[in-house]
Amino acid sequence: MHVAITGASSGIGEALAREYFSRRADVSLVARRVELLEKLAKQTDTRTHLVQSDLSDVSQVTSWVDAAEQALGPIDVLINNAGVQIIRAFTDTPFDEGRRLLQVDLLAPLELSQFVARRMVARKQGVIVDVASMASIAPTPGMAFYNAAKGGLAAASEALRAELAQHGVHVVTVYPGLIRTAMEVAGRAAFGEETLMMKVFAPSGDADVLARLVADAVEARSERVIYPALNVLARHFPAATRALLDAFTPRVPPG
Ligand SMILES: NC(=O)c1ccc[n+]([C@@H]2O[C@H](COP(=O)([O-])OP(=O)(O)OC[C@H]3O[C@@H](n4cnc5c(N)ncnc54)[C@H](OP(=O)(O)O)[C@@H]3O)[C@@H](O)[C@H]2O)c1
C-alpha cells in the first residue's frame, strides 16, 4: 500500500507517517524541511519516498506525484495534511499572507486531490483524506483566513465523498480540535492568557491517537474523524457553539 502524506515533517503528519510505518505501508513524505523527512524515514524499514515541495508554489503542488508513483506504485491513500495558520486581527493581516494560507490550506489540497483522484477513478480504487479542522465547524474569531480555508476544504471533502463513491474512491474528512503540535503551541500563545472556556471546551489531544483514528477510518471506510471527542458537541449544537465562541474567545491583540 502506498500512502502519500503532505506536511509529514512534523506534528500530525509525522505521527501519521509513523502510524503507517507500523502498518507496513510504503510512504511518500512531502514537506519543505527535507532534513526532517530524512530523519523520519530512518525510523522504518518499509519503503519511503521523500519529496521536498513547497505547496505555496503552484508549480510544486502536483509535480512530485509521477516520481512518487514510479518509486512506490500508484497512490492508494492521499493524505492532505500540510497546513499553516494565521491568528491575527483581520484588519492587521497583509492580504498576501492570507492568500498564501488559502493556497497551502485550500487550493493545494483541492488541486492535489483532483490530480490523484483522476488516477484513482481510472483504477476504481483509492482513499483521499482531508485534514480540515474544528475551525470548519466552529470558526474562531481572530482566524478569518484559516476558517475560510478549512471551511472550504471540509465542504469540498464532505460532498466529494458521494461523488467519488460511485467510482470506488472513498473520502475521509478529519476534524482535529486542538492537538499538541507546534501549531497548537503557537495558537494558544497567540490568544494570550487562556480563558476558563478554552480550558474546559478546548482540551488538547494527542497526535499519535489522532493518527491511529485516521488510519482506522481509512481501513473502515468511515466518513469522518472528530477528535478530541468533546468536539462532537460543536457539530450537534452549532448555534450554542457559535454563541460561546463569539462571547468567550479572547480577542487577538492588535499588530
Ligand atoms: N495542531 C492542531 O491543533 C490542529 C488543529 C486542527 C487542524 N490542524 C491541522 O492539522 C494539519 C497539521 O498541523 P500540525 O498541527 O501537525 O502542524 P505543524 O506541526 O506545524 O505541521 C504542519 C506541516 O505542514 C507542512 N507545511 C506547512 N507549510 C507548507 C508548505 N508551504 N509546503 C509544504 N508543506 C508545508 C509543514 O512542513 P514544512 O514546514 O517542513 O514544509 C509541517 O509538516 C494542518 O493542516 C492543520 O491546519 C491542526
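Relevant structure appears above.
Conventions used here
Residues numbered from 1 in each chain as written. Predicted model: local features only at pLDDT ≥ 70, side-chain atom pairs only at ≥ 80, totals over all residues. Heavy atoms only, no water. Near = heavy atom within 4 Å. Polar contact = N/O pair within 3.5 Å; in protein donor to acceptor, adjacent residues only side chain to side chain. Areas by Shrake-Rupley, 256 points an atom, 1.4 Å probe, with all protein chains shown as cover. Helix = DSSP H or I, 4+ residues; strand = E, 2+ residues; numbered from the N terminus. Nonpolar A, V, L, I, M, F, W, Y, C, P; charged D, E, K, R; others polar. Pairing = 2+ DSSP bridges. Axes fitted to C-alpha atoms, helices over the stretch in contact; angles between N-to-C directions. Contact = heavy atoms within 4.5 Å.

Visitor: What's the story with the site of the ligand in this structure? I'm lost.
Guide: Neighbouring the ligand are 30 residues, the closest being S9, R32, N81, Y146 and T181. Here a nitrogen atom of the ligand sits 2.9 Å away from a polar atom, N or O, in the side chain of D54. Y146 places a polar side-chain atom, nitrogen or oxygen, 2.6 Å from an oxygen atom of the ligand. Isolated, the ligand exposes 880 Å² of accessible area, and the fraction of that covered by the protein chains is 95%. Among the elements of the structure, α1 (11-22), α5 (144-165) and α6 (182-190) are those that each provide at least two residues to the shell around the ligand. By residue class, the composition of the shell around the ligand is 14 nonpolar, 11 polar and 5 charged.

Visitor: Can you walk me through the sheet that holds strand β5 (residues 126-131) in this structure?
Guide: What links the strands of a sheet is backbone hydrogen bonding, and the strands pair in either a parallel or an antiparallel sense. Reading across the sheet, the 7 strands line up as β3-β2-β1-β4-β5-β6-β7 and stay open at both edges, with parallel pairing between neighbours. Strands with a single pairing partner mark the edges of an open sheet, and in this sheet they are β3 (48-52) and β7 (224-227). Neighbour-to-neighbour, the strand axes of the sheet open up by a mean angle of 15°, direction not taken into account. Here strand β1 (residues 2-6) pairs with strand β2 (residues 26-31) via 5 bridges, running parallel. Looking at β2, one finds that H2 is bridged to D26. Sheet contacts for α5: β5, β6 (169-176) and β7; angle to β6, the most-contacted strand, approximately 155°.

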